[in-house]
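What follows is the residue order along each chain.
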Amino acid sequence: MKTPKSLIRPLVLDLQAYVPGEQPKIKGLIKLNTNENPHPPSPKVLAAVKAAVDGRLRLYPNPTAENLRAKLARLHRCSPDNIIAGNGSDELLALATRGFAAPKSEVRSQESESKATVQYFTPSYSLYPVLADIHGAAKNAVTLNPDFSLPSVTALKHGRLWNFNAALTFITTPNAPSGRGYKTSELERLCRAHRGVVVLDEAYADFAEENALKLALKLPHVLVARTFSKAYSLCYQRVGYFVGHAELIAALHKIRDSYNVNGLGQIAAEATLNDLKYYRANFNKIIATRKEMSRQLTLLGFRVLPSQTNFILARLPLFPAKDWLQKLRDRKVLVRWFSAPEVKDYLRITIGTAAEAAAFLKAARVILSR
Ligand SMILES: Cc1ncc(COP(=O)(O)O)c(C=O)c1O
């Protein structure tokens, strides 16, 4: 009899899986660790989902999320053929990895190694290297400038580490976990220098001053990733989408699961698009709280990086970041710490409601006074 372990592919045995933020069930917890939106979905979205919980749950949902894609196409002034919806944008990032990068075992010469290369900046979304590993692709991680700004095309060419021929490049914009926003003009310069596919991961774009969606409709090798999770308070339903050239989008449709977006998720996302006014008011509340919290934390001695997202990255006074993580947790405040060298001295704090921000500040003041 073979052992179960011997039945598993070596690649999977060696894999370091992605570690999502904790979802603990602690009463009274202030949860600022996973960039969820502190405001509930619109009452119209909740009503639409509730109304859909009936006998139709026995049926398969629309396989291509047709109505949702039609609404998104109207919003972004493109064709539904330019859009694919996914089980969260995470699913689409995985599909892009499978669709555009080859596994290392498929490419022979060093010359063609670019075809198996998944490339990204560090720090950025920590899922990208895991997706490359799962697929058996090569990874090329290049550090951002020390202030988390994007290196210029000239600097990247000069540094020789960045591969402009990489099969797939992920750029998180605005960046996570730094919160830094990037100008569309600099993203365009960078995208134009690439020969492979570039995914601009705009999970937090609704909290930013500008977004680069137009690049996905202008440059045939650029895809923009969006999600209903963060700005649209819909993490639970898992709906994201890509916008881009119809041929790239069609390739991803070929390799997705037949019913990749669940029925209630489609209904929730469609109803969301019918009530954008509600969400825009919430973006403004979050942006105002971000500004006020950054100001207050700065007064307390935190070094808060400028943010264009629904979180801030802050360097903390007095104790190492990891100690702060525990001290805050002892006070029922949960935030996120990353071990990556560029950010290990910082904590990432999701912007909650004004009341949650006040509770965070109160806990920080108590910790500082001990
Ligand atoms: C940069 C970035 N991209 C994508 C995602 C995934 O979003 P979704 O919930 O749509 O899978 C996240 C979630 O944390 C993120 O931070």
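Cut-off values and rules
Residues numbered from 1 in each chain as written. Predicted model: local features only at pLDDT ≥ 70, side-chain atom pairs only at ≥ 80, totals over all residues. Heavy atoms only, no water. Near = heavy atom within 4 Å. Polar contact = N/O pair within 3.5 Å; in protein donor to acceptor, adjacent residues only side chain to side chain. Areas by Shrake-Rupley, 256 points an atom, 1.4 Å probe, with all protein chains shown as cover. Helix = DSSP H or I, 4+ residues; strand = E, 2+ residues; numbered from the N terminus. Nonpolar A, V, L, I, M, F, W, Y, C, P; charged D, E, K, R; others polar. Buried < 20%, exposed > 50% of the residue type's maximum accessible area, 1.4 Å probe, protein only. Pairing = 2+ DSSP bridges. Core = buried A, V, L, I, M, F, W, Y, C linked by side-chain atoms within 4.5 Å. Contact = heavy atoms within 4.5 Å.

Draft legend 1. Quick look at the site of the ligand. In the vicinity of the ligand, the contacting residues are G88, S89, D90, Y125, T172, D201, A203, Y204, T227, S229, K230 and R238. A distance of 2.7 Å separates a nitrogen atom of the ligand from a polar side-chain atom of D201. Here T227 contributes a side-chain N or O atom positioned 2.5 Å from an oxygen atom of the ligand. Protein contacts shield 91% of the accessible area of the ligand, which totals 400 Å² for the unbound molecule. With three residues, helix α4 (residues 88–100) is the largest single contributor of residues to the shell around the ligand. For the shell around the ligand, the class distribution of residues is three nonpolar, five polar and four charged.

Draft legend 2. Summary view of the pairing of strand β8 (residues 240–243). On β8, burial covers both faces: G240 and F242 on one face and Y241 and V243 on the other are all buried. Relative to β8, strand β2 (residues 83–86) runs antiparallel, the two sharing four bridges. Its bridge partner lying in β8, A85 is registered against Y241. In this structure, strand β7 (residues 222–227) lies alongside β8, joined through four bridges in antiparallel fashion. The residue of β8 that forms the bridge with T227 is G240.

Draft legend 3. Up close: the nonpolar core. Judged by nonpolar contacts, the single largest core of 82 residues is most densely connected at L200, F228 and F360. Setting aside residues up to four positions removed in sequence, L200 forms contacts with I171, T173, L187, C191, A212, L215, V222, L223, V224 and A225. L93, Y120, L131 and L223 belong to the second-largest nonpolar core, a separate cluster that totals 25 residues.

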